[in-house]
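Structural characterization, general
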Amino acid sequence: MASNWRKTALRRYSEFQLIGRDPVLMLGLLISASFVFLFVVWPLLRVVVQGFFVFGTRVISLEYFARYIDPYFARHNWYTLRDTMTMGLATATGGTILGFIVAFTLVRCSYPFQRVSHALSLIPTISPPFAIAIAVILLFGRAGLITKDWLGINFALGVNDIYGLDGLVLVQIITFFPVAYLIIRAMLERLDPAMEEAAQSLGASKLHILRTVTLPLLVPGFAGSFLLLFVESLADLGNPLLLTGTRNVLSTEIFLAVNGEYNQQKAAALSLVLLIPTLTVFIVQRYWVSRRSYVSITGKPTGGQLQIKEWYIRWPFIILTSLSLLLVAVLYAAIAVGSFTRLWGVDFSFTLVNYAIAFNRGMEAILDTTFLSAITTPIAGVLGMIIAFLVVRRQFSGKEGLDFVSNLGAAVPGTILGIGFIIAFIGPPLPALIIIFGAFLLYLMGRVQTVRAGKWLAAAVGLGIGLGLVFFMPRLIGEWWGDWYIAVLALVLTIFLLLFGVFSAERKNRRLVLIILLAPIIGLLLFVIGPFPTEWLATFGRSLGGMGAKIVTSMADWIDVFTQVPLPAHGLLLVAIGGYVMGMFKPKRQLPFTVILLAIGVLLVFAGKPLALVGTSYIIIAAYAVRSLPASLRAGVASLQQIDPAIEEASTSLGADAQITFRRVTLPLIAPAFLAGLIFAFARHMTSLSAIIFLTTPKWKILTVLILSEVEQGGMNIATAYAMIVIVIVLVAIGLFYLFMGRVFRTDYQDMGPGDLKPN
């Protein structure tokens, strides 16, 4: 047994050594794996652990799990779990059926206005997740335009209204059916019509073909849609907060545990209860439905689609689709009209006051949301493409795990992820940082070309010096020890490292070493001098007053996002760059360079309160990136699978390394998918709610949270104005994207997976 374990370990180590021969590729693996570990695995682990411990202590407590058998709490808890499962199952069933009806109508029934209908079907994916709930309340609420003003319904005690599970399920079906529509439409367009044509040639009717051939071929699409919508429904927060009425579901219970009771343990325990069904469904969807080995799909069909002309099949589909799309159009028209209405239900006169209030009161939220979404979009896009390249083009242990965890960020309910971020980053995540720094240390040691004892001795000395600075400097300078002073000390040491590195490099490599090592120096220099101009800019902005103050002070905060990057990121970057340039040094100079490098790296990564991100913009950026990473990853995987590896192998055989091949060969070929992933990620960021509702601060306001706040305070007209602003921003971004790509009004349909979930 020990011998087998040793052989396995050696084989795994050999695999990583092969990747390590290309330092750029190895760094890509390290950075992407560190990101998903730190911002996906670590928060989820903290949520699981926190459910069993009283927050802030090491006292084990099973109180909130025991409530499921405690007679006093059991009835409420089990009813909440029952309603949650009922909501998920009903939404998944109804959304899958509606998605199939719309997809079948647009693909097989010669439906008119194809482009308009397709665009109308996708509007819910580019609007805030609870926009439909707002529209339903305006039209069908107790004081709704249709229910009260037109139909005269008086919702007395006992009369069913829109509030409750039935209304919530209806809203969620309309909100999430586009997911099922896209999946099933993609499958319908890819089905080989040969089997249906064979059945038709044998005399089978169109209805019989639909029942015995088409529907069985679409079973994986139905199953995948059902599972995805089930997860989406359970993860939804905005709609349940507005429409559950007297009923309870787990997502709202978790939200109230944090924002109402300030009880982190209860929220974590309920999150674990919610995590079990969603994670189970995600695993089933990933490893069972995604295989689809028994479906006749051949890429592009060999013939045209079998069109339905029989009226008794065609017209029911057309009528149901038309009614559904009409309902979507009416709901969004209600949002648009409500945004220009003085007071919905009382005074329907036209006004621009709502937009004036929205821009005046919410300008900072509009600017901050757009800025953070734009900043996060390329981060998620690049990470997704790097992971996709590693998953598709490289063989190494843990590849499946990296792919799984990268997709997990969108499959886990956003409320769970948000709570995990609070628990994980309210203080320094030292265990996670130690693991990540250890991985970078192994990479660095692999680049040192000397005997094993010598390089590990150098590592021990460097780590010792760095830890000495971390533990003893606070005692020497006391209250002066903070991030700014840590950065100043690290900057001085890094300048010395630069001089030593240039002197130690081979003569032909000195210029390149100088250029590369300037990057961490510039980063630290910006960190040191950054607060001075931004403080002046913020002071100047506040003196302006009015709208100008909001815009200028927001710009000052934006500059800080670029200059005040957390110091552990600087430290890991320095270690990564040091490992890259190590091969350019004279062998005898590598060990002293390693000592200095590790001392600075340890100082930057572990000094002060590293990665205590709660309250900063970076935790929102990380949450956005985690939620949109799977979309970019799946787009990259789909594109790379369509590219013959021989093209990249030809580049490698001509002497190009991995980064040159990826930059000059692979990236141009996957550019359309990359850019599509970017715009999809931006839309997800702009409309996300549950993952970041716990992470916003007065300094960093998010528009979807502001919309929810307005609804809770009764400002429905202002909320509709905010919702329209979000929709317009996303539509403008999409329009600019297609204009840039030169494909205006062109739509590409792509099969979706667990990473393509709509944010909530």
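Now for a quick tour of the structure. (Residues numbered from 1 in each chain as written. Predicted model: local features only at pLDDT ≥ 70, side-chain atom pairs only at ≥ 80, totals over all residues. Heavy atoms only, no water.)

**Here's the deal with the overall build of the chain**
The cut-off we apply is this: In this text, helices come from DSSP runs of H or I with a minimum length of four residues, and strands from runs of E with a minimum of two, each type numbered from the N-terminal end. Under the scheme applied here, a residue whose accessible area is under 20% of the maximum for its type counts as buried, over 50% as exposed, and between as partly exposed, the area being computed with a 1.4 Å probe on protein chains only. By definition, residues are in contact when any of their heavy atoms lie within 4.5 Å.
Secondary structure summary: the chain contains 31 helices and two strands in total. Across the 760 residues in the chain, those meeting the buried criterion constitute 57%. Within the chain, contacts between residues separated by at least 24 positions form 82% of all contacts whose residues are at least 6 apart in sequence.

**Re unusual backbone geometry**
Although it is not a glycine, S110 adopts a positive phi angle of roughly 50°. Checked against the element boundaries, S110 lands in the loop between α4 (71-108) and α5 (114-122). At L611, a position not held by glycine, the phi torsion is positive, near 60°. Structurally, L611 is set in the loop between α26 (587-606) and α27 (617-641).

**Things to note about the pattern of salt bridges**
Short version of the rule: For salt bridges, the criterion is a side-chain nitrogen of Lys or Arg within 4 Å of an Asp or Glu carboxyl oxygen.
Within this structure, the stated rule accounts for nine salt bridges. With a closest N to O distance of 3.0 Å, R67 and E63 form a salt bridge. Judged by its relative accessible area of 38%, E63 is partly exposed. Connected through salt bridges with shared partners, the residues R82, D83 and R247 form a single ionic network.

**Some words on the environment of M87**
Mapping M87 onto the fold places it in helix α4. Here M87 falls in the buried class, since its relative accessible area comes to 1%. Along the chain, M87 and D166 lie 79 residues apart, while their C-alpha atoms are 8.5 Å from each other. If we ignore the near neighbours within four places in the chain, the residues touching M87 are L165, L168, V169, Q172, S233, L234 and V249.

**Brief notes about helix α23 (residues 531-544)**
What counts is decided by this rule: One less than the number of residues in a helix, times 1.5 Å, gives the span that helix is expected to have. This arc is built from the directions going out from the helix axis to the C-beta atoms.
Between its terminal C-alpha atoms α23 stretches 20 Å, which fits the 20 Å expected from 14 residues at 1.5 Å a residue. Taken residue by residue, α23 has T534, L537, A538 and G541 as its buried positions. Mapping the buried residues of α23 onto a view down its axis gives an arc of 100°, with all of them on the same face. Of the exposed residues in α23, those oriented more than 90 degrees away from the buried face are F532, W536 and S543.

**So, the environment of K699**
If you trace the backbone, K699 turns up in the loop between α29 (658-687) and α30 (703-712). In this structure the C-alpha to C-alpha distance between K699 and D368, which are 331 residues apart in sequence, comes to 9.2 Å.

**Examining α5**
Within α5, the full set of buried residues consists of S117, H118, L120, S121 and L122. Contact partners of the buried residues in α5: α4, α8 (165-190) and α15 (311-339).

**Let's talk about the layout of surface pockets**
This is how the line gets drawn: A 1.4 Å probe that fits but cannot get out identifies a cavity on a 1 Å grid over protein atoms alone, an open set with protein on both sides within 12 Å along at least five of seven lines counts as a pocket, and a residue lines either if it has an atom within 4 Å of a point. Grid points are joined across faces, edges and corners, and a volume is the space filled by probe spheres set on the points. Gly counts as polar in this scheme, as do all residues outside two lists: the nonpolar Ala, Val, Leu, Ile, Met, Phe, Trp, Tyr, Cys and Pro, and the charged Asp, Glu, Lys and Arg.
As a volume, the second largest pocket reaches approximately 1700 Å³. Surrounding the second largest pocket, 48 residues form its lining, I31, I379, L383, A569 and L573 being those nearest its centre. It is helix α2 (residues 23-50) that provides the largest number of residues to the lining of the second largest pocket, a total of nine residues. Taken together, the residues that form the lining of the second largest pocket break down as 42 nonpolar, five polar and one charged.

**Brief notes about the nonpolar core**
A general trend in soluble globular proteins is that nonpolar side chains are found buried together. Threshold: Residues enter a nonpolar core if they are buried and are Ala, Val, Leu, Ile, Met, Phe, Trp, Tyr or Cys, with the set joined through side-chain atoms within 4.5 Å.
Among the nonpolar cores identified, the biggest contains 237 residues, and F39, I134, L242, F421, F593 and I620 are the most heavily contacted of them. Contacts of L242, omitting those with residues within four sequence positions, involve F130, A133, I134, I137, Y163, L708 and V711.

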